[in-house]
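Here are the chains, one letter per residue:
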Amino acid sequence: MTCVHIDDDKTKYLDRPYGRVGRKELKTKLLENCASSGVRFHKAKVLNLEHKEFESSIVCDDGIELKASLVVDASGFASTFTEYDKPRNHGYQIAHGILAEVDCHPFDLDKMVLMDWRDSHMGNEPYLRANNSKIPTFLYAMPFDSNLVFLEETSLVSRPSLSYMEVKNRMVARLRHLGIRVKNVIENEKCVIPMGGPLPKIPQSVMAIGGTSGVVHPSTGYTVARTMALAPILADAIVECLGSTRMIRGRPLHHRVWNGLWPLERRCTREFYSFGMETLLKLDLNGTRRFFDAFFDLDPYYWQGFLSSRLSLRELLFLSLSLFSNASNPSRFDIVTKCPVPLVKMMGNLALEAI
Ligand SMILES: Cc1cc2nc3c(=O)[nH]c(=O)nc-3n(C[C@H](O)[C@H](O)[C@H](O)COP(=O)(O)OP(=O)(O)OC[C@H]3O[C@@H](n4cnc5c(N)ncnc54)[C@H](O)[C@@H]3O)c2cc1C
């Protein structure tokens, strides 16, 4: 079970389990799958890519040059290999997290705290309260036992990004208020996730996957599950082109793989999720609370589908209408007064996609 603290008086209980990904275990599993499928590795830093009509060259820092029919860039958000033809106006998710041994904590062992928007810990920290009211952060807490807990203070999205130090200070204040004394930090997380912004240029000579390909959920920052769900789709498109006897290469190949990852429907739903991010950017603490109050009152199919990027465009339209009709009057006022510009932008982008 999962819970969301909207404020001091309201907590929502959600019938949705969460788990923590074992990074090392996941990496080992993926590498083992590669090894057993005959993937060969070359360990080096890529300095440059050069593209010809039917072939690309990968120039490595060890002097080796590799040739490929297709290069897939998985080098993360800061990649210089994948091109963008529009300004990259990201939002940023900033978080400070720790896996810690503590004396004790107040969390139920059978519940994960997905979001704690309470701000009572700022009673003694007026210097933090003012900014938190404008750009709020929440606590995410996953207790493993009565002395071991994962804690993360998160700014869901900000632009320009909220300072990491501020997020850290807010977490210190919150833990003090909750009476949590950290005995030992087992793992430390500094999280910066660029979210939203335009998709890469489609198509282009290099294919992309992961953070540089636009698959990060623009309203939540979730990436890992989505990348893993989309990777086989991309792999199938590549096999279809390069694995057939009549090889499809060059521009037709680039067309097929990019449109395999980003077919029209998926591009349109991404516009919708980006609209969600633009809306969140406009909300202060009270607006954010009202938003999530209405959001988690939706039919679970819709809020779970939204968080997991599973909804079709039609379902997203239905979600928006339900959200508006479920929302409190102040929340509707927020939507009407703060969302027209992002809404018009989204409509414009949807129209451009449809042309
Ligand atoms: C602290 C933290 C917590 C997060 N929590 C979550 C979460 O709970 N759920 C979720 O879904 N997402 C989460 N994310 C986001 C998610 O981890 C990232 O979006 C994801 O790692 C991006 O994956 P990627 O493979 O595209 O890039 P990266 O993970 O950045 O991997 C890129 C790889 O490419 C290599 N590389 C870069 N340049 C070159 C080069 N020139 N030559 C060769 N290799 C190169 C890098 O060394 C690196 O190994 C979190 C991120 C952080 C930082």
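Residues numbered from 1 in each chain as written. Predicted model: local features only at pLDDT ≥ 70, side-chain atom pairs only at ≥ 80, totals over all residues. Heavy atoms only, no water.

As recorded in an unreviewed UniProt entry, the protein chain goes by Lycopene beta-cyclase and comes from Populus alba x Populus x berolinensis. Of the comments in the UniProt record for the protein chain, the one headed Sequence similarities (unreviewed entry) reads "Belongs to the lycopene cyclase family." (UniProt positions renumbered as here; feature names shortened; annotations may be inferred.)

Attention shifts here to the overall build of the protein chain. When helices and strands are tallied, the protein chain shows 11 helices and 12 strands. Rg of the C-alpha trace for the protein chain: 22 Å, near the compact-globule value of 20 Å for 355 residues, within the 12% margin. Based on the C-alpha atoms only, the size of the protein chain along its principal axes is roughly 65 × 45 × 35 Å. Within the protein chain, the proportion of its 355 residues that are buried is 47%. Sequence separation of 24 or more characterises 72% of the internal contacts of the protein chain that already satisfy a separation of 6 or more. Total accessible area computed for the protein chain in this model is approximately 18600 Å², and 56% of it derives from carbon and sulfur atoms. (Helix = DSSP H or I, 4+ residues; strand = E, 2+ residues; numbered from the N terminus. Rg over C-alpha atoms; globule rule 2.2 N^0.38 Å. Buried < 20%, exposed > 50% of the residue type's maximum accessible area, 1.4 Å probe, protein only. Contact = heavy atoms within 4.5 Å. Areas by Shrake-Rupley, 256 points an atom, 1.4 Å probe, with all protein chains shown as cover.)

Below, the discussion takes up the pattern of salt bridges. Tallying each qualifying case throughout the model produces 22 salt bridges. A salt bridge links E187 to R20, with the nearest nitrogen and oxygen atoms 3.1 Å apart. With E187 in strand β11 (residues 182-195) and R20 in the loop between β2 (11-14) and α1 (23-36), this pair connects stretches of sequence that are 167 residues apart. According to the relative accessible area criterion, R20 is partly exposed, its value standing at 33%. One continuous salt-bridge network, built from bridges that share partners, spans K10, K12, D293 and D297. (Salt bridge = Lys/Arg side-chain N within 4 Å of Asp/Glu carboxyl O.)

Bringing the sheet that holds strand β7 (residues 91-102) into the picture now. Spatial ordering of the open sheet is given by β2-β1-β8-β9-β10-β7-β11, a layout of seven strands whose pairing is mixed. The outermost strands of the open sheet, each flanked by one partner alone, are β2 and β11. Between one strand axis and the next, the sheet turns through 15° on average, direction left out of account. The pairing of strand β1 (residues 2-5) with strand β8 (residues 112-116) spans four bridges and is classified as parallel. (Pairing = 2+ DSSP bridges. Axes fitted to C-alpha atoms, helices over the stretch in contact; angles between N-to-C directions.)

Here we take up the site of the ligand. Surveying the vicinity of the ligand reveals 18 residues, the closest of which are V46, F77, G211, T223 and V224. In this structure, a nitrogen atom belonging to the ligand sits 2.8 Å away from a main-chain N or O atom of V46. Isolated, the ligand exposes 990 Å² of accessible area, and the fraction of that covered by the protein chains is 54%. When residues in the shell around the ligand are grouped by element, the largest group, four residues, is from β11. Each residue belonging to the shell around the ligand can be placed in one class, and the counts come to nine nonpolar, six polar and three charged. Residue contributions to the shell around the ligand reach at least three from each of two domains, namely domain 1 (2-21 + 91-195) and domain 2 (42-88 + 197-262). (Near = heavy atom within 4 Å. Polar contact = N/O pair within 3.5 Å; in protein donor to acceptor, adjacent residues only side chain to side chain. Nonpolar A, V, L, I, M, F, W, Y, C, P; charged D, E, K, R; others polar. Domains from an automatic or database assignment.)

Attention now goes to the domain arrangement of the protein chain. When the domains of the protein chain are assigned, the result is domain 1 (2-21 + 91-195), domain 2 (42-88 + 197-262) and domain 3 (267-354). Computed over C-alpha atoms only, the centres of domain 2 and domain 3 are separated by 30 Å. At the junction of the two partners, domain 2 supplies 13 residues and domain 3 supplies 10 residues. Of the roughly 1100 Å² buried where domain 2 meets domain 3, counting both sides, 54% is carbon and sulfur surface. Broken down residue by residue, the surface that domain 2 buries against domain 3 is led by H217, P218 and S219, which jointly contribute 44%. Applying the counting rule to domain 2 against domain 3 returns six residue pairs in polar contact (both at pLDDT 80 or more). A per-class count over the side of domain 2 that touches domain 3 returns six nonpolar, six polar and one charged. (Buried area = accessible area lost by both parts, 1.4 Å probe.)

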